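Chain by chain, the residues:
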Amino acid sequence: MGQDQTKQQIEKGLQLYQSNQTEKALQVWMKVLEKSSDLVGRFRVLGCLVTAHSEMGRYKEMLKFAVVQIDTARELEDADFLLESYLNLARSNEKLCEFHKTISYCKTCLGLPGTRAGAQLGGQVSLSMGNAFLGLSVFQKALESFEKALRYAHNNDDAMLECRVCCSLGSFYAQVKESMKIALQHGDRPLQALCLLCFADIHRSRGDLETAFPRYDSAMSIMTEIGNRLGQVQVLLGVAKCWVARKALDKALDAIERAQDLAEEVGNKLSQLKLHCLSEGIYRSKGLQRELRAHVVRFHECVEETELYCGLCGESIGERNSRLQALPCSHIFHLRCLQNNGTRSCPNCRRSSMKPGFV
């Protein structure tokens with residue numbers, strides 16, 4: 001079956017599918033898969049089969065075709081096809097509640113170098129990752145992923161994606177609400193504070209700042225009462241983002257300054273990274289170059305202090321989908337860099353590096 005005939009058969013299957021003749025559409029697409037030698041056509045028909053089985057609830061079949069699509073994308077050696085196929089693999093695992101695998105495949109999608117499809121599919125990748133984190137009850141990371149998906153939806157005027165994200169946020173809210181009931185029943189103040197923080201972040205992500213501020217205040221009261229300084233940092237970060245949304249940049253900077261003091265007291269570098277990043281954006285919008293440069297410098301210093309880079313090649317860890325190796329001394333490097341280094345001791349501390357672990 002040639003390229004033109006493959007296109008015609010794919011289109012015929014789509015027309016049947018849209019007219020609710022699902023089984024006939026599947027038969028047409030399966031024939032294309034059996035007879036076509038056109039790799040691009042095979043990739044497209046596999047995408048149709050993945051989508052159809054997803055909508056029918058046949059998730060094991062969905063996964064089977066997603067795996068075949070990955071192999072086809074690799075044959076094509078095209079980053080856009082790889083991105084689409086890894087996303088389908090992530091979605092398949094999400095439907096099967098294999099949430100750790102979903103997150104892993106989503107990270108692979110995000111690690112692929114500049115693809116044309118990235119702008120269209122990036123939001124869907126973030127949505128799948130958010131759903132997986134929600135399935136694992138990792139609320140903060142789930143919300144961060146949903147917020148990123150919403151930004152994609154707004155930037156690309158994608159109403160369907162926005163609708164799907166809002167549905168996921170509804171599920172998120174329901175789970176946090178249930179956790180809040182449990183916290184109140186057992187008098188668990190730390191859990192109450194966490195739930196209030198999640199409620200506030202949800203309202204902020206929806207643009208409901210009038211509701212978000214009181215929730216942040218309640219969360220801050222409990223965090224202060226129980227002495228959770230890191231929790232106070234997270235609350236102040238959310239408050240600062242609210243003020244940024246309201247264009248009240250000076251108030252945002254006040255909240256960031258208080259959060260920075262607390263983050264430095266507890267030595268939490270990740271929080272400092274987030275705060276410097278937010279400050280950088282504020283000073284850029286205000287046109288204050290000296291302050292902007294200071295926060296850019298501090299951001300990179302925090303990256304170095306947290307050792308989020310390979311000690312051999314100097315590249316940031318996590319920007320690409322690379323295999324890492326953790327040595328017994330806890331220093332982490334790219335596996336390829338250690339293999340090329342030719343030494344049995346850690347390049348950083350020179351300790352013996354027998355029995356390394358893989359990350």
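Residues numbered from 1 in each chain as written. Predicted model: local features only at pLDDT ≥ 70, side-chain atom pairs only at ≥ 80, totals over all residues. Heavy atoms only, no water.

Another point: the overall build of the chain. A tally of helices and strands in the chain yields 16 helices and 3 strands. The buried share among the 359 residues of the chain stands at 45%. For the chain, contacts bridging at least 24 residues in sequence account for 51% of all contacts bridging at least 6. As presented, the chain carries roughly 19,200 Å² of accessible surface, and 49% of it is formed by carbon and sulfur atoms. (Helix = DSSP H or I, 4+ residues; strand = E, 2+ residues; numbered from the N terminus. Buried < 20%, exposed > 50% of the residue type's maximum accessible area, 1.4 Å probe, protein only. Contact = heavy atoms within 4.5 Å. Areas by Shrake-Rupley, 256 points an atom, 1.4 Å probe, with all protein chains shown as cover.)

Bringing unusual backbone geometry into the picture now. Phi is mostly negative for residues that are not glycine, and the peptide bonds are mostly trans. Although it is not a glycine, Asp157 sits at a positive phi angle of roughly 50°. Inspection of the secondary structure puts Asp157 in the loop between α8 (139-155) and α9 (159-186). For Asp157, a relative accessible area of 71% translates into the label exposed.

By the secondary structure assignment, Ser85 is in helix α5 (residues 79-95). Residues within four places of Ser85 in sequence aside, it is in contact with Phe43, Gln69, Ile70 and Ala73.

A full pass over the atoms with the stated rule returns 14 salt bridges. When the shortest N-O distance is used, the salt bridge between Arg298 and Glu301 registers 2.5 Å. Of the two residues, Arg298 and Glu301 are both situated in helix α15 (residues 289-305); the distance of 3 residues between them amounts to about one turn of the helix. Judged by relative accessible area, Arg298 falls into the partly exposed class, the value being 24%. The structure contains a network of salt bridges with shared partners spanning Glu147, Asp201 and Arg204. (Salt bridge = Lys/Arg side-chain N within 4 Å of Asp/Glu carboxyl O.)

Further remarks concern the UniProt feature "coiled-coil region" (unreviewed entry) in the chain. In the UniProt entry, the feature "coiled-coil region" (unreviewed entry) is given for residues 245-276. The distance separating the terminal C-alpha atoms of residues 245-276 is 17 Å; by composition the span is 84% helix and 0% strand. (UniProt positions renumbered as here; feature names shortened; annotations may be inferred.)

Enumeration according to the criterion identifies 7 aromatic pairs in this entry. On the numbers, 6.3 Å between centres and 85° between planes, the contact of Phe146 with Phe172 is edge-to-face. Residue Phe146 is located in helix α8, and its partner Phe172 is located in helix α9; the two are separated by 26 residues in the primary sequence. Both residues of the pair, Phe146 and Phe172, belong to the buried class. An angle of 50° between the planes, with centres 4.9 Å apart, marks the rings of Tyr173 and Phe199 as tilted. Of the two residues, Tyr173 sits in helix α9 while Phe199 sits in helix α10 (residues 189-205), which places them 26 residues apart along the sequence. When its relative accessible area of 6% is taken as the criterion, Phe199 is described as buried. An aromatic cluster is defined as three or more aromatic residues linked by ring pairs; in this entry it consists of Phe139, Phe146 and Phe172. The lysine or arginine in question, Lys64, covers the ring of Phe65, its NZ or CZ lying 4.9 Å from the ring centre. Above the ring of Phe199, the side-chain terminus of Arg215 is found at 5.0 Å from the ring centroid. (Phe/Tyr/Trp six-rings, centres within 6.5 Å; stacked < 30°, edge-to-face > 60°. Lys NZ or Arg CZ within 6 Å of the ring centre and 35° of its normal.)

So, about helix α13 (residues 249-266). When the terminal C-alpha atoms of α13 are compared, their 26 Å separation across 18 residues agrees well with the 26 Å that a helix rising 1.5 Å per residue should span. Within α13, burial applies to Leu249, Ala252, Leu253, Ala255, Ile256, Ala259, Gln260, Leu262 and Ala263. Each element contacted by the buried residues of α13 is listed here: α12 (229-245) and α14 (269-286). Immediately downstream of α13, the backbone of Gly267 shows phi near 70°, a positive value. (Expected span 1.5 Å × (residues − 1).)

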